[in-house]
Amino acid sequence: MAERISTPSKTKQIIEENGFFFKKNFGQNFLIDTNILDNIALCAGITKDDCVLEVGPGIGSLTQVLAENAREVVAVEIDNTLIPILKRTLKDYNNVEILNQDILKTDINKIIQEKNEGKSIKVVANLPYYITTPIIMDLLEKERKIDTITVMVQKEVAERMQAGPREKEYGALSIAVQYYCDANLDMIVQPSCFMPRPKVASAVITLKVLPERKVKTKDESLFFHLVKCAFGQRRKTLLNSLNNQGKLNLSKEELTAIITSLGWDERIRGEALGIYEFAALTDAVFDKIHG
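Residues numbered from 1 in each chain as written. Predicted model: local features only at pLDDT ≥ 70, side-chain atom pairs only at ≥ 80, totals over all residues. Heavy atoms only, no water.

Engineer: Residue-level account of the sheet that holds strand S9 (residues 202-209), with values.
Structural biologist: Strand order in the open sheet formed by seven strands is S4-S3-S2-S5-S6-S9-S7, with mixed pairing between adjacent strands. Sheet topology places strand S4 (96-99) and strand S7 (181-189) at the edges, where each strand pairs with a single neighbour. The average angle at which neighbouring strand axes cross in this sheet is 15°, direction not considered. Summarising the sheet, strand S2 (residues 51-55) and strand S5 (residues 121-126) pair through four bridges and their orientation is parallel. In the sheet register, glutamate 54 faces S5, and the bridge partner there is valine 124. Across the face of the sheet, helix H5 (residues 108-116) comes into contact with S2, strand S3 (72-76), S4 and S5 while running at roughly 150° to S2. (Pairing = 2+ DSSP bridges. Helix = DSSP H or I, 4+ residues; strand = E, 2+ residues; numbered from the N terminus. Axes fitted to C-alpha atoms, helices over the stretch in contact; angles between N-to-C directions. Contact = heavy atoms within 4.5 Å.)

Structure representation (structure tokens):
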């Protein structure tokens, strides 16, 4: 086991010795709390049987902990100035591969096939706030063999992922994540645990990818289209949102009939519907369009 670098003094030393400058466009905030890092590996359930894909290893603080707990770690880092640093901080670990790539352009299926014989991997990441949603949705929508996704994200985003109907944080992201996963908010992490300190608190959330969709619908793309419309104008009723944005080739009267046929008040808002209600709405709209 190599010396842990996840302390304020060691992290500062590495940054200064390598002349590294934080880049705002990459949203870089390095973890400097060893206990938090150990807890992330614990929340992810990492064992010596696991192949772990890490997104955004930074200087390797979390990578060290993952390497000590996993069979193999593939760390994908977009910032090429961090690659020489990672090679030094992780030189004592023979089970880590570093890829200087954009995770959104990385062939994850190839990693799964070559590193884990096609079996499900675990994803762990300290995600930049600005690109959290694109990365998570990319991992989920392309139906890769992924067991769990354990990520450090902005607290508000984590709360949004597991929010339910009528809660303030509830929205399209809540539906999208819960369509594919069971979400569990593991812990809140204060700004003081990072260098540099972010302005808001963070949270670790684990998404357990389900073997099948949580709900079945007649048209998955229509399902997500209706969800997007419903939350596109939050203060409007579901009826007005679908009528204004839906482009469904259905009259307002037809949409009203669909909503009331499901037993809902025609003044209902999208934020009152759960994932099963959206599935029922999708099938009713599909039947009307194709009937």
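Engineer: I'd like a rundown of the nonpolar core, residues and numbers included.
Structural biologist: The biggest cluster of nonpolar side chains holds 66 residues, and the ones touching the most others in it are Leu53, Ile149, Phe223, Leu238, Phe278 and Leu281. Looking at this core, the element that brings in the most residues is helix H9 (residues 220-232), giving seven residues. Those residues within four positions of phenylalanine 223 in sequence are excluded, and the remaining contacts are Ile175, Tyr179, Val215, Thr217, Ile275, Phe278, Ala279 and Thr282. By size, the runner-up hydrophobic cluster in this structure holds 27 residues, among which are Ile36, Ala67, Ala70 and Tyr93. (Core = buried A, V, L, I, M, F, W, Y, C linked by side-chain atoms within 4.5 Å. Buried < 20%, exposed > 50% of the residue type's maximum accessible area, 1.4 Å probe, protein only.)

Engineer: An account of the layout of surface pockets is needed here, citing residue identities and associated values.
Structural biologist: Roughly 470 Å³ of volume is contained in the largest pocket. Taken together, 33 residues line the largest pocket, and the ones lying closest to its centre are Phe26, Gly56, Glu77, Asn126 and Pro128. Of all the elements in the fold, those that place two or more residues in the lining of the largest pocket are strand S1 (30-31), S2 and helix H3 (61-69). Here the residues of the lining of the largest pocket sort into 21 nonpolar, nine polar and three charged. (1 Å grid on protein atoms, 1.4 Å probe; cavity = no way out; pocket = protein on both sides within 12 Å on 5 of 7 lines; lining within 4 Å. Points joined across faces, edges and corners; volume = space filled by probe spheres on them. Nonpolar A, V, L, I, M, F, W, Y, C, P; charged D, E, K, R; others polar.)

Engineer: An account of H5 is requested, with residue identities and associated values reported.
Structural biologist: Note that an α-helix has 3.6 residues per turn; residues three or four places apart therefore point the same way. Among the residues making up H5, those that are buried are Ile108, Ile111, Ile112 and Asn116. Taken end-on, H5 shows its buried residues confined to a sector of 100°, consistent with a single buried face. Residues of H5 that are exposed and point more than 90 degrees away from the buried face comprise Gln113 and Glu114. Two or three places before asparagine 109, at the opening of H5, aspartate 107 has a side-chain oxygen 3.4 Å from that residue's backbone nitrogen. After H5 finishes, the residue glutamate 117 shows a positive phi value of roughly 50°. (Arc of directions from axis to C-beta. Polar contact = N/O pair within 3.5 Å; in protein donor to acceptor, adjacent residues only side chain to side chain.)

Engineer: Please set out the environment of leucine 185 residue by residue, giving values where relevant.
Structural biologist: Checked against the element boundaries, leucine 185 lands in strand S7. Taking relative accessible area as the criterion, leucine 185 reaches 22% and is therefore assigned partly exposed. Sequence-wise, leucine 185 and alanine 158 are 27 residues apart; in three dimensions their C-alpha atoms are separated by 6.8 Å. The contact partners of leucine 185, leaving out residues within four places of it in the chain, are Ala158, Glu159, Gln162, Ala203, Val204 and Ile205.

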